[in-house]
Amino acid sequence: MDTNSLKAAVLGAGIIGLDLVEKIQASPHLDCRLVAGRDPRTLGLRRAADLGCATSAGGVTALVGAGPFDVVFDASSAAAHTAHWAALSNAAPLLIDLTPSSVGIPVVPAVNGAEAVGHGHLNLISCGGQASIPLLHAITRDVTATYIEVVTTVASPTVGRSTRLNLDEYIATTQNAIRTFTGAEHAKVLVNISPAIPRPPFRVAMTVQAPGLEPARVHAALRDAEQQAQAWCTPGYKITSCHVDGEQATVAAEVTAPGGRLPGHAGNLHIINAAAILLAEQRATGKAR
């Protein structure tokens, strides 16, 4: 491990938190010092302990008492994040929020990661935002969208209790971020939590209405955006369809998790956690890509 590695803590021991722990342990620039939850019976805390991490069921209070840390990843809930931010103001110079709280600086690494990495409070919007916004930003770089719609499909087992409770915040935060990053006048986000078997891959289907769309330019911009996303996220990020008809473009993309503890259909968990790890590593190395 790098001697300059950042001391990291994870707040939240659900599906997202446990995958974060594994990604932190795989990073040469991060050192997982604590995983904090609120229920000692949480399976995630037991599994984190099995992975060799110190754990606590004392929540944010325990984390503050065990600090300071260089970076804290908040994988709890949008409702709790504002209080966590206040409590952690002196406990870590970098707080990366994986909840749809809309409190910190909204960040999509491939779009504004270089500018945002110097801030101390980063919000990763949502998994749907991380998957769709790089493509939407590419399409709308030279045109003004009047309407954007994003339909996100996720496999039911990959959506934990906190995420289900945060669906309203998920939708609102993702819609706001889409408008911010594209300049679109209107944006609508829909979420499909699918119980289907076999499990569907994580998928975002996008519709963009904008005057001045040129098919050749749209396809070229999307190819570049796809390659950038693959470089920082996973080779499993791919555009599966793209059609431009007059003033409307329809695009679909899928994200497949690379393996390990996460099944392939859990691309929604992988993409937001990969973004969080990338931002922390950029802080550690002083680089942005």
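Here the structure is a predicted model, which is why all the values come from computation and not from measurement.

The rules we used
- Residues numbered from 1 in each chain as written.
- Predicted model: local features only at pLDDT ≥ 70, side-chain atom pairs only at ≥ 80, totals over all residues.
- Heavy atoms only, no water.
- Pairing = 2+ DSSP bridges.
- Helix = DSSP H or I, 4+ residues; strand = E, 2+ residues; numbered from the N terminus.
- Axes fitted to C-alpha atoms, helices over the stretch in contact; angles between N-to-C directions.
- Contact = heavy atoms within 4.5 Å.
- Salt bridge = Lys/Arg side-chain N within 4 Å of Asp/Glu carboxyl O.
- Buried < 20%, exposed > 50% of the residue type's maximum accessible area, 1.4 Å probe, protein only.

Asker: Which residues make up the pairing of strand 8 (residues 147–155), and what are the values?
Answerer: Two elements, strand 8 and strand 9 (residues 186–194), share 9 bridges in a ladder whose sense is parallel. Within strand 9, the residue paired with Thr152 across the bridge is Val191.

Asker: I'd like to hear about the sheet that holds strand 10 (residues 202–209), residue by residue, with values.
Answerer: Strand order in the open sheet made by the 5 strands is 9-8-10-12-11, with mixed pairing throughout. Of all strands in the sheet, those bounded by a partner on one side alone are strand 9 and strand 11 (237–245). Neighbour-to-neighbour, the strand axes of this sheet turn through a mean angle of 10 degrees, independent of strand direction. Here strand 8 runs beside strand 10; their pairing, made up of 7 bridges, is antiparallel. Opposite Thr153, over in strand 10, you have Arg203 as the bridge partner. Set on the sheet, helix 6 (residues 127–139) makes contact with strand 8, strand 10, strand 11 and strand 12 (248–255); between it and strand 10 the angle comes to about 35 degrees. Packing of helix 10 (residues 267–285) onto the sheet brings it into contact with strand 8, strand 10, strand 11 and strand 12, and relative to strand 10 it is tilted by some 75 degrees.

Asker: Before we move on, can you summarise the pattern of salt bridges with the specific residues and values?
Answerer: Enumeration over the complete set of coordinates arrives at 5 salt bridges. In this structure, the salt-bridge partner of Asp70 is Lys7, at a minimum N-O distance of 3.7 Å. Taken together, the residues Asp70 in the loop between helix 3 (59–66) and strand 4 (71–74) and Lys7 in strand 1 (residues 6–11) connect sequence positions 63 residues apart. Classification of Asp70 by relative accessible area gives partly exposed; the value is 22%. For Lys7, a relative accessible area of 27% corresponds to the partly exposed category.

Asker: I'd love a proper account of the sheet that holds strand 5 (residues 94–97), names of residues and values included.
Answerer: Strand order in the open sheet formed by 7 strands is 3-2-1-4-5-7-6, with parallel pairing between adjacent strands. Looking along the sheet, the strands with just one partner apiece sit at the ends: strand 3 (55–56) and strand 6 (105–106). The sheet contact formed by strand 4 and strand 5 spans 4 bridges and is parallel. Paired with Val72 across the bridge in strand 5 is Leu95. Running at roughly 165 degrees to strand 5, helix 10 makes contact with strand 1, strand 2 (30–36), strand 4, strand 5 and strand 7 (121–123) of the sheet.

Asker: Report on unusual backbone geometry, specifying residues and quantitative values.
Answerer: Cis peptide bonds are those with omega within 30 degrees of zero, and the linkage from Gly67 to Pro68 qualifies with 10 degrees. Among the structural elements, Pro68 can be located in the loop between helix 3 and strand 4. For the bond running from Ile197 to Pro198, omega is 0 degrees, close enough to zero to count as cis. One can find Pro198 in the loop between strand 9 and strand 10.

Remember that the coordinates give geometry; whether it matters functionally is a separate question.
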